[in-house]
Amino acid sequence: SRSMSAPSVALGVAAALASAVAYGVNIVYARQATLAGVPPADLVVLRVALMVLCVLAVSRVVGAPFLVSPTGRKPLAILGLLSAGIGLCYFYAVSLVPIGIATLVFYTFPFIIIVASPLLEGEKFSPARLGLFALAFVGLLVALGTRLGAVSVLGIGRALAAAAMAAGQFIAAGRASRAVDQA
């Protein structure tokens, strides 16, 4: 286990908060862009390019080299592919169905993690986690006020694919993190 200084923890928290805000805001503009005719694949490429530039800039500012060890390359590639897949599927979903429905379907990914973790990670199934997910999901449903109507099955399918890839991303990130901690 690595010990971290207070400034590095603060930087990590700041980066996580900035990432969360960017992730949440990004979809609103992505929806507007897809409605204006920008292909979702182009949005994914632009988003990834911007993210890489931001990571390189932060790396340079804090004086940390942007290097990936040979053992970290495969997990990083898997995370990158899953991230691109999430963006592509989700951007296509919001171009086909209302954003509230796409968001609601996408945020089933914690349920997928709760169900898959005992099978893939050997974790014990937790009814408490399932209950917390249900409570959070109902809150999301109330907040979004989503009304079902005529929706695109393809749009729902793409949102579900994004949810499955997000679950895979979290599981892969956990595995990659454990591999880095053991190195």
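Residues numbered from 1 in each chain as written. Predicted model: local features only at pLDDT ≥ 70, side-chain atom pairs only at ≥ 80, totals over all residues. Heavy atoms only, no water.

Even after reading the chapter, I still don't get the environment of Leu81, so can you show me in this structure?
Inspection of the secondary structure puts Leu81 in helix H3 (residues 70–96). Note: C-alpha distance between Leu81 and Gln169 (88 residues apart in sequence) is 9.1 Å. (Helix = DSSP H or I, 4+ residues; strand = E, 2+ residues; numbered from the N terminus.)

Even after reading the chapter, I still don't get the confidence of the model for the protein chain, so can you show me in this structure?
The predicted coordinates should not be examined in detail at positions where pLDDT is low. Residues at a pLDDT of 70 or more form 92% of the protein chain, whose mean pLDDT is 82. Summarising per-element confidence for the protein chain, the mean pLDDT is lowest in helix H1 (residues 6–35) (78) and highest in helix H5 (residues 109–120) (89). (pLDDT = per-residue confidence, 0-100.)

Whenever I open this one, the nonpolar core confuses me. Can you help?
Soluble globular proteins tend to pack their nonpolar side chains together in the buried interior. Formed by 23 residues in total, the largest nonpolar core has its most connected members in Ile27, Tyr90, Phe91, Ala102, Phe106, Phe109 and Ala162. Elements that contribute at least two residues to this core include exactly H1, helix H2 (40–62), H3, helix H4 (99–106), H5 and helix H7 (153–182). In terms of residue count, the dominant contributor to this core is H3 (6 residues). When near neighbours in sequence (up to four residues on either side) are disregarded, Ala102 contacts Tyr90, Ala93, Val94, Val97 and Ala159. (Core = buried A, V, L, I, M, F, W, Y, C linked by side-chain atoms within 4.5 Å. Buried < 20%, exposed > 50% of the residue type's maximum accessible area, 1.4 Å probe, protein only. Contact = heavy atoms within 4.5 Å.)

What am I meant to see in the pattern of salt bridges here?
A side chain with one charge may pair with a side chain of the opposite charge, provided their charged atoms come close. Overall, the coordinates contain 1 salt bridge when judged by the stated rule. The closest approach of N and O atoms between Arg129 and Glu123, which form a salt bridge, is 3.0 Å. According to the relative accessible area criterion, Arg129 is partly exposed, its value standing at 47%. We classify Glu123 as partly exposed; its relative accessible area is 36%. (Salt bridge = Lys/Arg side-chain N within 4 Å of Asp/Glu carboxyl O.)

I'm lost on H1 in this one. Help?
Residues lying three or four places apart along an α-helix face the same way, a consequence of the helix completing one turn every 3.6 residues. In this model H1 runs 44 Å from its N-terminal to its C-terminal C-alpha over 30 residues, within 8% of the 44 Å that 1.5 Å per residue would give. Maximal helix bending in H1 amounts to about 25 degrees, located at Asn26. Here H1 has its buried residues at Asn26, Ile27, Ala30, Ala33 and Thr34. Buried positions along H1 lie against H2, H3 and H4. Two residues or fewer after H1 comes Gly37, characterised by a positive phi angle close to 105 degrees. (Expected span 1.5 Å × (residues − 1). Bend = angle between axes of the 7 residues up to and from the residue.)

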